[in-house]
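# Descriptive structure summary
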Amino acid sequence: MVALAAALFLFIFFFDRPAGEPPPRAAGGALLPGLDATAVTRIEIVSTQETLRVERTGTTWQLTLPVVYPAEPAAIDRFLALAGQLRQLSSIPARDLSSQPRGLGDFGLQPPHTTLKIQQRTSSLELRIGSQTPVGGQLYCQLGGSEGVQVIGAAFLDHLPKSASDWRNRDLFNLGGLAFNRIEVRAGAHGFEVERDPTNQLWQITKPPPTKRADNARINLITQELQKWRVHQFVTDAGSTNLEVFGLQPPGTELIFGQGTNDLLTVQFGRSPTNNPRLVYAAIS
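Residues numbered from 1 in each chain as written. Predicted model: local features only at pLDDT ≥ 70, side-chain atom pairs only at ≥ 80, totals over all residues. Heavy atoms only, no water.

### Side note on the confidence of the model for the protein
Chain-level pLDDT for the protein is 85 on average; 89% of the residues reach the 70-or-more range. Confidence drops under a pLDDT of 50 for residues 2-24, and excluding neighbours within four residues, the segment shows 22 contacts in the predicted structure. (pLDDT = per-residue confidence, 0-100. Contact = heavy atoms within 4.5 Å.)

Next up, the structure:
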């Protein structure tokens, strides 16, 4: 009887399976064993609200949808690490789905609530995410290429970005790799400009004239401190936004980093939110 049962199991496992369906992963096994975080070049998360996409060039991540903006590499690395740690808790074979009145729809997978697409250098992965299980704090999902349904921990939902802001780089001043030799502050009659001498690399005050030597240590310290400024919240990206409500049309102050006469980075500062005078609206161009 034991031998007969074993033979029957082997027959079902190898022959009595829907065509094209990969063997089920063992409970507790890695859900995405082919995921190599170092080889990922693009991540796309499609939900009913929006599509979020980030792409990597070398060591730099860039948001390309729904807005083009530098991405936060640490947040993406954390997400990929968590995705690599996902474990399949159980599974529902494709042959058992026919007993469900709405098929995959009963698991929130037709259509899925969210689809995660990960492109690697030589391969791609897709994970369709459905509804939470009625009990147990688990989540239905389906791997690309699988006709069955997998079950994972629902805590993974907490690590999916809710919007592009979750993966945006929050450094207000990203001066790394910016070849600037001029810093200008435009603030009405109180503006000034400093420029670095190409010969001795010392800063000179060029506006207002006459030209005179600047405090190099202080300017270098200020540029270092500026790179610690962080964005508290992203308010809007709409080009048609009325900037006047933020005190940005015209701005109260502008800080410009340039190369010669070319402005490379401009940050405009407006008024403070009425409910938080410790913050100020800013726009980057």
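### Quick word on the sheet that holds strand β6 (residues 114-120)
Taken in spatial order, the nine strands of this open sheet run β4-β3-β2-β1-β6-β7-β8-β9-β5, and their pairing is antiparallel. Here the strands that pair on one side only, and so sit at the sheet edges, are β4 (69-70) and β5 (90-92). Note: strand β7 (residues 124-132) against strand β8 (residues 138-143), four bridges, orientation antiparallel. Opposite Ile 129, over in β8, you have Cys 141 as the bridge partner. Its contacts with the sheet put helix α2 (residues 73-84) on β1 (40-47), β2 (51-57), β3 (60-65) and β6, and the angle it makes with β1 is roughly 80°. (Pairing = 2+ DSSP bridges. Helix = DSSP H or I, 4+ residues; strand = E, 2+ residues; numbered from the N terminus. Axes fitted to C-alpha atoms, helices over the stretch in contact; angles between N-to-C directions.)

### Looking at the sheet that holds strand β16 (residues 282-284)
Reading across from one edge, β13-β12-β11-β10-β14-β15-β16 is the order of the seven strands in this open sheet, with antiparallel pairing throughout. Sheet topology places β13 (212-213) and β16 at the edges, where each strand pairs with a single neighbour. Bridge analysis of strand β14 (residues 253-259) against strand β15 (residues 262-269) gives seven bridges, and the strand direction is antiparallel. Paired with Thr 253 across the two strands is Phe 269, which belongs to β15.

### Points about the pattern of salt bridges
Evaluated as defined, the whole model comprises twelve salt bridges. Between Glu 126 and Arg 128 there is a salt bridge; the shortest N-O distance is 2.5 Å. Exposure remark for Glu 126: the relative accessible area of 28% places this residue in the partly exposed category. Taking relative accessible area as the criterion, Arg 128 reaches 18% and is therefore assigned buried. (Salt bridge = Lys/Arg side-chain N within 4 Å of Asp/Glu carboxyl O. Buried < 20%, exposed > 50% of the residue type's maximum accessible area, 1.4 Å probe, protein only.)

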